[in-house]
Amino acid sequence: TQTLKQGEKGSEVDRLILFFNYYYVSVGGYPGVRDNTLYLAIARYQKDNKLLSVTGVFDTATMNFINKELKNCAAKNIVPFSRILRLGSKGDDVKTLQVCLNKLKFQVAASGPGSLNEETQYFGGLTRIALRKFQAAKNIVSSGDEYSTGYGQTGPKTRAQLNIDCKKAFAM
């Protein structure tokens, strides 16, 4: 992989946009075009992970750190949040959401399904309540519903914050 700088285009840039959208923070971005949003996300990633230089340039050190992080996620079976989850959703990412919310002290359930070490693959009412508490505590959204404001579902801002906070929770 080459060093990528602002304004560059191509498949390497496409892969980098996918990484950030999937694992770190939604950067949007047009395939093949490295815009200012991606540049700022790389700089934030470098700063958050205490890399030696915070330049916004995708260099060898940043690439090596990302590769190491991807291996750690695979080893710990961590599923990053990449889709909208809401009441009725099912899957491994729902279970990971419940694990993260429980680890972050936004308890899904006190006992039984959804409680610590008894997380499920189903997004039910208790998961929605816990997610809403997370969203309000993080100043993402605190009123409305899933369809009007995203309150109670994992929209882009919520996913980005969950990916950051859950990464830290799993590191503990």
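Shown above is the structure to which this text applies.
Predicted model, so just to flag it, every value in this text is computed and none were measured.

Asker: So what about the pattern of salt bridges? Which residues, and what values?
Answerer: Summed over the entire model, instances satisfying the criterion amount to five salt bridges. Of the charged contacts in the structure, one is a salt bridge between Glu146 and Arg128, with a shortest N-O distance of 3.0 Å. Highlighted residues: Glu146 in the loop between helix H5 (125-137) and helix H6 (156-171) and Arg128 in helix H5, separated in sequence by 18 residues. Owing to a relative accessible area of 23%, Arg128 belongs among the partly exposed residues under this scheme. Two residues, Glu146 and Arg132, come together in a salt bridge whose shortest N-O distance is 3.5 Å. On the criterion of sequence distance, the pair formed by Glu146 in the loop between H5 and H6 and Arg132 in helix H5 is long-range, its members being 14 residues apart. As far as burial versus exposure is concerned, Glu146 and Arg132 are alike and both buried. Via salt bridges that share partners, Arg128, Arg132 and Glu146 belong to a single interconnected network.

Asker: Kindly report on the environment of Asp93, identifying the contributing residues and their values.
Answerer: The exposure class of Asp93 is buried, given its relative accessible area of 9%. For Asp93 and Phe123, which are 30 residues apart along the polypeptide, the C-alpha to C-alpha distance reads 9.8 Å. Of the polar contacts made by the side chain of Asp93, one reaches the side chain of Arg83; its length is 2.7 Å.

Thresholds, definitions, all that
- Residues numbered from 1 in each chain as written.
- Predicted model: local features only at pLDDT ≥ 70, side-chain atom pairs only at ≥ 80, totals over all residues.
- Heavy atoms only, no water.
- Salt bridge = Lys/Arg side-chain N within 4 Å of Asp/Glu carboxyl O.
- Helix = DSSP H or I, 4+ residues; strand = E, 2+ residues; numbered from the N terminus.
- Buried < 20%, exposed > 50% of the residue type's maximum accessible area, 1.4 Å probe, protein only.
- Polar contact = N/O pair within 3.5 Å; in protein donor to acceptor, adjacent residues only side chain to side chain.

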